[in-house]
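Listed below are the residues making up each chain.
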There are 2 protein chains.
Amino acid sequence: MSEQRKLKCLSCKEMYSTNEAGTCKECYEEASETEEELKREIDDLKSKIAFLRFCSPHHTRSSFSDVVLLASDESLTNPVPVSAHKAVLASRSPVFKAMLEIEMEESRSGTINISDVSYDALRTFVNYLYTGDACLDEQMACDLLVLAEKYEVKHLKTYCEKFLVSKLNWDNAVMSFSFAHQHNAKHLQESALSMITDNMENLIKTEEYAHLVEKDARLVVDIYEAYLSKRVNTAAKRD
Amino acid sequence: MSEQRKLKCLSCKEMYSTNEAGTCKECYEEASETEEELKREIDDLKSKIAFLRFCSPHHTRSSFSDVVLLASDESLTNPVPVSAHKAVLASRSPVFKAMLEIEMEESRSGTINISDVSYDALRTFVNYLYTGDACLDEQMACDLLVLAEKYEVKHLKTYCEKFLVSKLNWDNAVMSFSFAHQHNAKHLQESALSMITDNMENLIKTEEYAHLVEKDARLVVDIYEAYLSKRVNTAAKRD
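Residues numbered from 1 in each chain as written. Chains lettered and ligands numbered in written order. Predicted model: local features only at pLDDT ≥ 70, side-chain atom pairs only at ≥ 80, totals over all residues. Heavy atoms only, no water.

- For chain A, the name recorded in an unreviewed UniProt entry is BTB domain-containing protein, with Saponaria officinalis as its organism.
- Under Pathway (unreviewed entry), UniProt gives the following word-for-word description of chain A: "Protein modification; protein ubiquitination." (UniProt positions renumbered as here; feature names shortened; annotations may be inferred.)

Put into structure tokens, the structure is as follows:
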């Protein structure tokens, strides 16, 4: 009897019993078509991206560049200029746009000073404005997030936040929470907060906690409020 | 007995009989996840495209433009200049790149004359170089394909070819075939040829055929050769 009810799956080709039945044949075929269509759409979008991305100006002999950026990190006595195009900077960042369109110092001199940033971070930042790509580690993601927030490059900010959320762990949660608060990175801040409030008993033993109480007690209050609200909600659900 | 074997499809919720079985439950769940993932990837790619596309220079107060293009259609006595950026033109077209990087007339004067093109087509062409988008009808797709071939903008050429293939019908097949041959549009040429050779009996009655024999007999020979080869293949399969 049970043998009679064995069916062959059209996808994995294994036999299965009727109580593990998935879809009818029609829906299986439809789903396969949808998948093919989505994959074709992805290929089209990727080729459009390849068309739209710019060669980064420091990977080619910089052509028609009309502006340079300088990393004015205090440790750099002779900063290396990163060359770029006003049109690209203005199109990617409303802050650069305003800076360059209004006749400010930067527009006249063709030099933009970027404070508190390393040459590497600046180069990676400019490269991202041209290509929409960056190779990140945690330090670079933090540096770029700060630049993205300052120059209002939303796409880059989201990119860095996603990366930092993926790297969240108990050891960096408090620092990430504080960093995210400082640079208005809501998504990272919420993810870090949720990790912290899941682990309150351990929190107060950490150095980071002691340091945060010292530096920004208001932020520690936010943590306790979130913790309390989570406990109340959990209790309400239980009842 | 047959009633017992009715199963409920997890996707469309209809009952189906075992001989119309599609997938097992596991494969259904996997396929749903894959679809979600592909859709997320599409959203990411779309947001990257939104980041990478430029504001078209004639939709904003043109900022930092350093070159103009002129449609030197003979009917235009006072052509309106289309302003642009050397960096964008050079990044999208190897022909513009060479023209602008080598100290040619165009680079010195900051003016590029584009021959045999209407102002509308030129504007749409430049707009595409900035945004990767164009609103096409058949005439515009032909005009842009010619420009794309001339200035080696592959992405645009593919875009126009796809559009023209989608508009192929018996009335425009011969003209499309000839046009595609003239501008090296292989994909369009093959699609048109296949439509023509499916309908040879009607071909020789048409005006377009008579005109093509007159204008380019070599191309008519190509049609006959393709027809013959198709017949031979069909016969071989039948045996």
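**Re the overall build of chain A**
Move 1: Along its length, chain A carries twelve helices and five strands.
Move 2: Computed over the C-alpha atoms, the radius of gyration of chain A is 26 Å, more than 25% above the 18 Å expected from 2.2 N^0.38 for a compact globule of 239 residues.
Move 3: Its C-alpha atoms put chain A at 85 × 50 × 25 Å along the principal axes.
Move 4: When each of the 239 residues of chain A is scored for burial, the buried share is 41%.
Move 5: Taking as baseline every contact in chain A between residues at least 6 positions apart, the subset at least 24 positions apart corresponds to 55%.
Move 6: Summed over all atoms, the accessible surface of chain A reaches about 13500 Å², with 50% contributed by carbon and sulfur.
Move 7: Taking the average place of the 29 positive charges on the side chains of chain A and the average place of its 40 negative ones, the gap between the two points comes to 4 Å. (Helix = DSSP H or I, 4+ residues; strand = E, 2+ residues; numbered from the N terminus. Rg over C-alpha atoms; globule rule 2.2 N^0.38 Å. Buried < 20%, exposed > 50% of the residue type's maximum accessible area, 1.4 Å probe, protein only. Contact = heavy atoms within 4.5 Å. Areas by Shrake-Rupley, 256 points an atom, 1.4 Å probe, with all protein chains shown as cover. Lys, Arg positive; Asp, Glu negative; His and termini not counted. Charge placed at Lys NZ, Arg CZ, Asp CG, Glu CD.)

**Some remarks on the interface of chain A and chain B**
Much of the literature gives interface size as the accessible area that the parts lose upon coming together.
Move 1: With 57 residues of chain A in contact, the opposing surface of chain B contributes 57 residues.
Move 2: Note on chain A versus chain B: buried area summed over both sides is about 5000 Å², and carbon and sulfur give 69% of it.
Move 3: Summed over the three residues of chain A that lose the most area to chain B, namely Phe51(A), Leu52(A) and Phe64(A), the buried surface amounts to 15% of that side.
Move 4: Across the chain A-chain B interface, the total number found is six salt bridges. (Buried area = accessible area lost by both parts, 1.4 Å probe. Salt bridge = Lys/Arg side-chain N within 4 Å of Asp/Glu carboxyl O.)

**Looking at the sheet that holds strand β3 (residues 67–72) of chain B**
Residues and elements named next belong to chain B.
Move 1: Strand order across the open sheet formed by three strands is β4-β3-β5, with mixed pairing between neighbours. Each edge of the open sheet carries a strand with a single partner, namely β4 (82–84) and β5 (111–115). Between one strand and the next, the sheet's axes are offset by a mean angle of 30°, whatever the strand orientation.
Move 2: Sheet analysis places β3 next to β5, joined by five bridges and oriented parallel. In the sheet register, Ser72 faces β5, and the bridge partner there is Ser115.
Move 3: Helix α5 (residues 119–131) contacts β3, β4 and β5 of the sheet and is inclined by roughly 15° relative to β4. (Pairing = 2+ DSSP bridges. Axes fitted to C-alpha atoms, helices over the stretch in contact; angles between N-to-C directions.)

**Section: the relation of the copies chain A and chain B**
Move 1: Mapping chain A onto chain B calls for a screw motion: a turn of 180° about the axis and a shift of 0.0 Å along it, with 0.1 Å RMSD after fitting. Given the turn and translation reported, the copies of this chain are related as if by a two-fold rotation axis.
Move 2: Most of the interface of chain A is mirrored in chain B, where 100% of its interface residues again form contacts. (Least-squares fit on C-alpha atoms with pLDDT ≥ 70 in both.)

**Observations concerning helix α9 (residues 186–197) of chain A**
Since the α-helix packs 3.6 residues into each turn, any two residues three or four apart lie on the same face.
Residues and elements named next belong to chain A.
Move 1: If you check α9, its first and last C-alpha atoms are 16 Å apart, about what twelve residues at 1.5 Å a residue would give, namely 16 Å.
Move 2: Those residues of α9 lying buried are Leu188, Gln189, Ala192, Leu193, Ile196 and Thr197. The buried residues of α9 occupy one face: seen down the axis, they fall within an arc of 155°.
Move 3: Where α9 is buried, its residues touch α7 (154–166), α8 (173–182), α10 (200–203) and α12 (217–238). (Expected span 1.5 Å × (residues − 1). Arc of directions from axis to C-beta.)

**Regarding the sheet that holds strand β3 (residues 67–72) of chain A**
All names here are of chain A.
Move 1: Judged by pairing direction, the sheet is mixed, and its three strands sit side by side in the order β4-β3-β5 without closing on themselves. Looking along the sheet, the strands with just one partner apiece sit at the ends: β4 (82–84) and β5 (111–115). Strand-to-strand, the axes of this sheet are offset by a mean angle of 30°, without reference to chain direction.

**Observations concerning the environment of Ala235(B)**
Move 1: One can find Ala235(B) in helix α12 (residues 217–238).
Move 2: Note on Ala235(B): relative accessible area 29%, which makes it partly exposed.

**Comments concerning the confidence of the model for chain A**
Move 1: In the predicted model, chain A carries a mean pLDDT of 89, and 94% of its residues have values of at least 70.
Move 2: Scoring the predicted complex yields pTM 0.84 and, for the interface, ipTM 0.83. (pLDDT = per-residue confidence, 0-100.)

**A closer look at helix α3 (residues 94–101) of chain B**
Residues and elements named next belong to chain B.
Move 1: Inspection of α3 places Phe96, Met99 and Leu100 among the buried residues, and these make up the whole buried set. One side of α3 holds all its buried residues, which, seen down the axis, span an arc of 90°.
Move 2: Buried-residue contacts for α3 involve β3, α2 (86–92), α4 (105–109), β5 and α5.

**Quick look at the pattern of salt bridges**
When the charged atoms of two side chains lie near each other, side chains of opposite charge can form a pair.
Move 1: All told, the structure shown has 18 salt bridges over all chains when counted by the stated rule.
Move 2: One salt bridge connects Arg53(A) with Asp133(A), and the closest N-O pair in it is separated by 3.2 Å. Within this pair, whereas Arg53(A) is found in the loop between α1 (25–52) and β3, its partner Asp133(A) is found in the loop between α5 (119–131) and α6 (138–150), the two being separated by 80 residues in sequence.
Move 3: On the basis of relative accessible area, Arg53(A) is assigned to the partly exposed category, the value being 31%.
Move 4: Across the pair Asp133(A) and Lys48(B) runs a salt bridge, and its minimum N-O distance is 2.6 Å. Here Lys48(B) lies in helix α1 (residues 25–52) and Asp133(A) lies in the loop between α5 and α6, a pairing that spans two chains.
Move 5: Judged by relative accessible area, Lys48(B) falls into the buried class, the value being 16%.

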